[in-house]
Amino acid sequence: MDEERREKLMNLSDMVDNLYKRGRQSRSMENSPRYYGSDILLYPNEVYTLKAIAQNEGINQTELTKVMFRTKGATSVVVRKLVNKKLVEQRSEEEDLRVSRLYPTQKGLEVYRAHLEYDLKYLDQLADRLNISLDDLITANRVLRILIRSFDERREAEKKEER
């Protein structure tokens, strides 16, 4: 490894710590419910599960578990809460009654759309607070996508090695 590359890597040595720290910050926010354009109080894990269902209408719980990086049990609990809050409905498949598909209700779609607006306002305020342009945020998001894809690929490779 050449000296210039080594020095750059040394300058990045706290990046892994910062990524973990950001993850812990996100998890701490999971304890703060909000109203997202309705009279229904939702925790972030519920609203992001609703978002995944709205963006993938007809998804089943096994697929949702993978999308949300959760256990089947944790996914089942969140789905049950969303069903009880009348934001999601489960429909059994005609071919296989053991498999149910998830769909947002009309109220669920309203909350989903309100949450999208909430996210847009958040991003606008974030750019202002950080004193950076939206183009800078787009670049940061591009890097995050690459990191996430790399993590997913690494995780899949490790699973294959375990088999």
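Scroll up a little and you will see the structure.
Predicted model, so just to flag it, every value in this text is computed and none were measured.

Notes on the layout of surface pockets
Of the pockets and cavities examined, the largest pocket occupies roughly 3000 Å³. What lines the largest pocket is a set of 47 residues, and nearest its centre among them are R22, S26, N141, L144 and I148. Elements with a minimum of two residues in the lining of the largest pocket: α2 (15-29), α3 (44-55), α4 (61-68), α6 (106-130) and α7 (134-162). In terms of residues, the lining of the largest pocket owes the most to one element, α7, which gives 14 residues. Classifying every residue of the lining of the largest pocket by side-chain character gives 29 nonpolar, 8 polar and 10 charged.

Re a nonpolar patch on the surface
A cluster of nonpolar side chains, contributed by M1, L9, L12, M15, L19, V143, L144, L147 and I148, occupies part of the molecular surface with about 810 Å² of accessible area. Of all the secondary-structure elements, those providing two or more residues to the nonpolar patch are α2 and α7. Looking at the nonpolar patch, the element that brings in the most residues is α7, giving 4 residues. With respect to the helices, strands and loops of the structure, L12 is situated in the loop between α1 (3-11) and α2. On the accessibility criterion, L12 (45% relative accessible area) is partly exposed.

Digging into the side chain of T49
Looking at the secondary structure, you find T49 in helix α3. A residue is classified by how much of its surface remains accessible, and T49, at 0% relative accessible area, is buried. Reaching out from T49, the side chain makes a polar contact with the backbone oxygen of N45 at a distance of 2.6 Å. Here R70 takes part through its side chain, which lies 2.9 Å from a polar atom of the side chain of T49. What T49 contacts, discounting residues up to four positions off in sequence, is L64, M68, R70, V78 and L82.

Considerations on the packing of α4 against helix α5 (residues 72-84)
Running from N to C, α4 and α5 cross one another at 105°; their axes reach a closest spacing of 9 Å. Classified by the interaxial angle, the pair formed by α4 and α5 is roughly perpendicular. Together, Q61, L64 and T65 of α4 and K72, T75, S76 and V79 of α5 make up the contact between the two elements.

Quick word on the environment of S133
Mapped onto the fold, S133 is located in the loop between α6 and α7. By relative accessible area, which is 32% here, S133 ends up partly exposed. For S133, the side chain forms a polar contact with the main-chain nitrogen of D136, separated by 3.0 Å.

So, the nonpolar core
In terms of nonpolar packing, the biggest core is built from 17 residues, with L42, I53, L64, L82, L87, L102 and V111 touching the most fellow members. Residue assignment for this core shows that the elements contributing at least two residues are α3, α4 and α5. Top contributing element to this core by residue count: α3, with 4 residues. Setting aside chain neighbours within four positions, we find L64 in contact with T49, A52, I53, I59, T75, V79 and L102.

Thoughts on the sheet that holds strand β3 (residues 59-60)
The sheet built from 3 strands is open, its strands ordered β3-β5-β4 with antiparallel pairing. Each edge of the open sheet carries a strand with a single partner, namely β3 and β4 (88-92). In terms of strand pairing, β3 meets strand β5 (residues 100-104) through 2 bridges, oriented antiparallel. What sits directly across from N60, in β5, is R101. Strand contacts of α3: β3, β4 and β5, with the helix running at about 100° to β5, the strand carrying the most contacts.

Calculation rules
Residues numbered from 1 in each chain as written. Predicted model: local features only at pLDDT ≥ 70, side-chain atom pairs only at ≥ 80, totals over all residues. Heavy atoms only, no water. 1 Å grid on protein atoms, 1.4 Å probe; cavity = no way out; pocket = protein on both sides within 12 Å on 5 of 7 lines; lining within 4 Å. Points joined across faces, edges and corners; volume = space filled by probe spheres on them. Helix = DSSP H or I, 4+ residues; strand = E, 2+ residues; numbered from the N terminus. Nonpolar A, V, L, I, M, F, W, Y, C, P; charged D, E, K, R; others polar. Patch = residues over 30% accessible without salt bridge, like charges linked within 9 Å, V, L, I, M, F, W, Y side chains within 5 Å. Areas by Shrake-Rupley, 256 points an atom, 1.4 Å probe, with all protein chains shown as cover. Salt bridge = Lys/Arg side-chain N within 4 Å of Asp/Glu carboxyl O. Buried < 20%, exposed > 50% of the residue type's maximum accessible area, 1.4 Å probe, protein only. Polar contact = N/O pair within 3.5 Å; in protein donor to acceptor, adjacent residues only side chain to side chain. Contact = heavy atoms within 4.5 Å. Axes fitted to C-alpha atoms, helices over the stretch in contact; angles between N-to-C directions. Parallel < 35°, antiparallel > 145°, perpendicular 65-115°, else oblique. Core = buried A, V, L, I, M, F, W, Y, C linked by side-chain atoms within 4.5 Å. Pairing = 2+ DSSP bridges.

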